[in-house]
Amino acid sequence: MITITHYLVLSAILFTVGVIGVLIRRNAIIIFMCIELMLNAVNLSFVACAHYLNSMQGQLFVFFTMTVAAAEAAVGLAIIVAVFRNKETVNIDDINIMKW
Amino acid sequence: MLDLVALILLFPLIGTAVNGLAGKRMRKETVGYIACGAIGLSFLVSILVFCGLLLLPPEGRLFEKHLFVWIESGSFRSLAALQVDPLSTVMILTVSGVGFLIHVYSIGYMHHDKGYHRYFCYLNLFTFSMLLLVLSNNFLLMFIGWEAVGLCSYLLIGFWFEKKSASNAAKKAFVVNRVGDFGFALGVMLIFLIFHSIDFTEVFSAASHGNFETGNFAITMITLLLFMGATGKSAQIPLYTWLPDAMEGPTPVSALIHAATMVTAGVYMIARCNVLYMLSPFTMTVVASIGAATALFAASIGLVQNDIKRVLAYSTISQLGYMFLACGVGAFTAGVFHLMTHAFFKALLFLGAGSVIHALSGEQDIRKMGALKSHIPTTYKTFLVGTIAIAGIPPFAGFFSKDEILLEAFVRGNFIYWSIGAIAALFTAFYMFRLLFMTFYGESRVDHHTMEHLHESPGNMTLPLIALAGLSFVGGFLGIPGASAINHFLSPVFGGHTHAEIAGTELAGHSGHHGAWLPYLMMVVSTAIAIAGIFLAYQMYIKKPDLPKKLTDRFRFIHKLLLNKYYVDEIYDALFVNPTKKISVKILWKGVDVRIIDGSVNGIARLVGGLSNVLRLLQTGYIRNYAFYIVVGCIFIVVLAVFGK
């Protein structure tokens, strides 16, 4: 029997993988994918909880998240392309002009 | 008619405002007319007020005009109110009358100056301040006038502020006056402490109704502090040093400062407070001694000075010494009378000197003048009248007032006061005629270039000279011994005991063998003294022109001492100015200001900067680091939420 605990643990694992990916990877596209992973981990827990609580609100929220994620993917990828055109790299260690 | 008194102050104030705000955009003629018109109207109203006062019975000649309540705080109350009585009437007539003539003269004298409107704005303000000073009915309002006069003198002495010497002289006048004003302010505070009021009428009636025995310590302190203010404003020892330097301003300003406004303030103040001064014999002795000392001291410096204005400046100090001598022996009327006649002839002399300087394109050294008599006849004639008046030849104005002071000094004071006054009178006659002879007689020492431009001054400059010469001639008849109009007029202010009565009783009492002929003897003696001084000057500068040179060589030390004004400026520099500067630079500037004040301000800035330097290390620019902080924060919040309870 697969309970809500399993879903939530899986969601937590996926989220952590995403966080660690954001923190330690250098490639902007991979960081971007990790962010997507975090979003989807949250989606998973939303859906699981919605099912468990017999409530539609959680599922509804997932649609919003997916919409935001799609928009974010469009904007984010555009930024990455723009950065690449300027600096010929997507290594974020080289993109550090945002300091004093 | 007495109700109009506020107008006397209003007209100059309007003149100041109009010329100050819009003078730049107006034509020069308009500026001059407005300024002169303002003072002229003031003078006319003063005459009306004077007539109004004459209509009242002598003992009821006191009118107060309350304008508004100025300050009210607890038991302290100061009205903006004006007081008209014989003393203030004499003052406003002198100030506005002589002031008006000086204004008219200035139109011609300052014609080429680019600060024309600024000049007239200040000049009107100056007259306003002096009128406020003499019209106020309480000590605080008087203090406002007192300070405003100081401010205006600063502005006008430093009128040509591009000149270093002028701005220095202005600063000197301001700072020296501040020393005296400090005493004056303390005196006023002490008056409030003792009398719980600062109104003239209340203070004086409290003082005169026997609440204080003669020689009361508090009264002595008050009068001494007020006298300290008077020494500053009226240029007495030890605070006289600013006045000779004050001639750095335009010449009509010197005339205004020396004659009508400013320096007479101290004499007026003491005359006004005669009730208080009478209660303190010690202060009276101080006043008389300082007056006598100043009269002699300044006159001796005047003997050898070569700058035409400087001679006149020392003569002013000397004459003010006379006035204080008169006040110090209790002859307030004589002091005020001399103040008035002095205003006439000193304004005349300064304006005449201005006319000479004008004719010689700015030359002030009398060694480079001579034989100007025929070139500038009007100036010469009027200057001669002024010189005779100040020397004390009857029947000119100076004779009556000076003679009265000497008589009073002898009768009420003692032989020392009289002899100092007499020697100073001898000096005065000598140096004034020395000035006259060196300027107008002898052979010309004017250089060729200046000679070509030599010209008599225009009508608007000579007319005031003629008017003042007339006043210098007839002014004395107000105080003819025996039938003194001014004496009679002023007697309500200076108590029932007019000085003539006292003089009479004392004469009868202490010198039965002199009797009534003493005043006439005195007249003969003082005339003889004046003639002796003139004769001496005539011998030295007309008959034997090489004599001064011989005397100078003979008494080299004394001459040098006098020429350098007893080195008083140098002594003050060494004693007060330089130590103050040194303390200011070494301790107050380099120590307190740089270390403590700047140090604390800069220290705070440096502390913030240092902390920021540490904090900015957090800002690496790597998104990874920022994301890590967010994660740490999230974990912290989660931990807090789960385990916090």
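Source: prediction; values computed, not measured.

Calculation criteria
Residues numbered from 1 in each chain as written. Chains lettered and ligands numbered in written order. Predicted model: local features only at pLDDT ≥ 70, side-chain atom pairs only at ≥ 80, totals over all residues. Helix = DSSP H or I, 4+ residues; strand = E, 2+ residues; numbered from the N terminus. Expected span 1.5 Å × (residues − 1). Buried ≥ 20, exposed ≤ 12 C-beta atoms within 10 Å, placed from the backbone. Contact = placed C-beta atoms within 7 Å. Nonpolar A, V, L, I, M, F, W, Y, C, P; charged D, E, K, R; others polar. UniProt positions renumbered as here; feature names shortened; annotations may be inferred. Core = buried A, V, L, I, M, F, W, Y, C linked by C-beta atoms within 7 Å. Axes fitted to C-alpha atoms, helices over the stretch in contact; angles between N-to-C directions. Parallel < 35°, antiparallel > 145°, perpendicular 65-115°, else oblique. Left-handed = near helix turned anticlockwise from the far one by under 90°. Pairing = 2+ DSSP bridges.

Undergrad: Explain helix H4 (residues 116-135) of chain B here, please?
TA: Each full turn of the α-helix corresponds to 3.6 residues, which orients residues three or four apart in the same direction. Here H4 of chain B contains 20 residues, and its C-alpha end-to-end distance of 29 Å stays within 8% of the 28 Å for a straight helix at 1.5 Å per residue. The element H4 of chain B is extensively covered by neighbouring structure, given that 19 of its 20 residues are classed as buried.

Undergrad: Before we go on, may I ask you to explain the interface of chain A and chain B in this structure?
TA: Between chain A and chain B, the residue contacts involve 10 residues of the former and 10 residues of the latter. Of the residues belonging to the side of chain A that touches chain B, the class tally is seven nonpolar, one polar and two charged.

Undergrad: Is there a simple way to explain unusual backbone geometry in this structure?
TA: With the exception of glycine, most residues fall at negative phi, and the peptide bonds are largely trans. Residues and elements named next belong to chain B. A cis amide bond links isoleucine 237 with the next residue in sequence, proline 238, at an omega value of 5°. Secondary-structure assignment places proline 238 in the loop between helix H8 (217-233) and helix H9 (242-245). Omega for the bond connecting proline 394 with proline 395 falls within 30 degrees of zero, at 5°, which places this linkage in the cis form. Here proline 395 lies in the loop between helix H16 (377-391) and helix H17 (397-412). The phi angle at histidine 196 is positive, at roughly 60°, despite the residue not being glycine. With respect to the helices and strands, histidine 196 occurs in the loop between helix H6 (164-195) and helix H7 (200-208).

Undergrad: I'm lost on the UniProt feature "transmembrane region" (unreviewed entry) in chain A in this one. Help?
TA: Residues and elements named next belong to chain A. Per the UniProt entry, the sites bearing "transmembrane region" (unreviewed entry) are residues 6-24, 31-54 and 60-84 in this numbering. Helix makes up 100% of residues 6-24 and strand 0%, whereas the separation of the span's terminal C-alpha atoms amounts to 27 Å. Secondary structure over residues 60-84 splits into 100% helix and 0% strand, and the C-alpha atoms at its two ends are 36 Å apart.

Undergrad: Please explain the nonpolar core as it appears in this structure.
TA: Here is a general trend for soluble globular proteins: nonpolar side chains tend to be buried in one another's company. In this structure, Leu131, Ile270, Leu325, Ala347 and Leu468 of chain B are the most contacted members of the largest nonpolar core, which totals 208 residues. Apart from the residues within four sequence positions on either side, alanine 347 of chain B is in contact with Val98, Leu101, Ile102, Ala255, Ala259, Ala260 and Leu468 of chain B. Counting five residues, the second largest nonpolar core, distinct from the first, contains Val22, Ala28, Ile31 and Phe32 of chain A.

Undergrad: Looking at this model, I keep getting lost on the UniProt feature "domain: NADH:quinone oxidoreductase/Mrp antiporter transmembrane" (unreviewed entry) in chain B. Mind explaining?
TA: UniProt records the feature "domain: NADH:quinone oxidoreductase/Mrp antiporter transmembrane" (unreviewed entry) at residues 136-428 of chain B, using the numbering of this structure. For residues 136-428 of chain B, the helix share is 75%, the strand share is 0%, and the end-to-end C-alpha distance is 34 Å.

Undergrad: Help me understand the packing of helix H3 (residues 86-109) of chain B against helix H20 (residues 459-474) of chain B, please; the structure alone is not making it clear to me.
TA: The relative placement of two packed helices comes down to the angle between their axes together with the axis-to-axis distance. Residue and element names in this part refer to chain B. Put simply, H3 and H20 touch, their axes get as near as 7 Å, and they point 155° apart. By the angle between their directions, the pair H3 and H20 is classed as roughly antiparallel. As for the relative orientation of H3 and H20, their crossing is left-handed in sense. Residues Leu101, Ile102, Val104, Tyr105, Ile107, Gly108 and Tyr109 of H3 lie in contact with H20, whose contacting residues are Asn460, Met461, Leu463, Pro464, Ala467 and Leu468. Counted by class, the contact of H3 with H20 contains 11 nonpolar, two polar and no charged residues.

Undergrad: Looking at this model, I keep getting lost on helix H1 (residues 5-22) of chain B. Mind explaining?
TA: The end-to-end C-alpha distance of H1 of chain B is 27 Å, a good match for the 26 Å that 18 residues give at a rise of 1.5 Å each. Among all positions in H1 of chain B, only Val5, Ile8, Leu9, Phe11, Pro12, Gly15, Thr16, Val18 and Asn19 of chain B are buried.

Undergrad: Where do I start with the UniProt feature "domain: NADH-Ubiquinone oxidoreductase (complex I) chain 5 N-terminal" (unreviewed entry) in chain B in this structure?
TA: The UniProt feature table records "domain: NADH-Ubiquinone oxidoreductase (complex I) chain 5 N-terminal" (unreviewed entry) at residues 70-120 of chain B. End C-alpha to end C-alpha, residues 70-120 of chain B measures 29 Å, and it is 57% helix and 25% strand.

Undergrad: Hey, could you run me through the pairing of strand S1 (residues 63-73) of chain B in this one?
TA: Moving residue by residue along a regular strand, the side chains alternate between the two faces of the sheet. Residue and element names in this part refer to chain B. A small share of S1 lies buried, amounting to one of its 11 residues. Where S1 and strand S2 (residues 76-84) come together, nine bridges link them in antiparallel fashion. Among the inter-strand pairings, phenylalanine 68 is bridged to a residue of S2, identified as alanine 80. Linking two consecutive strands that pair antiparallel, namely S1 and S2, is a turn of two residues; a positive phi of about 60° is found at glycine 74 within it.

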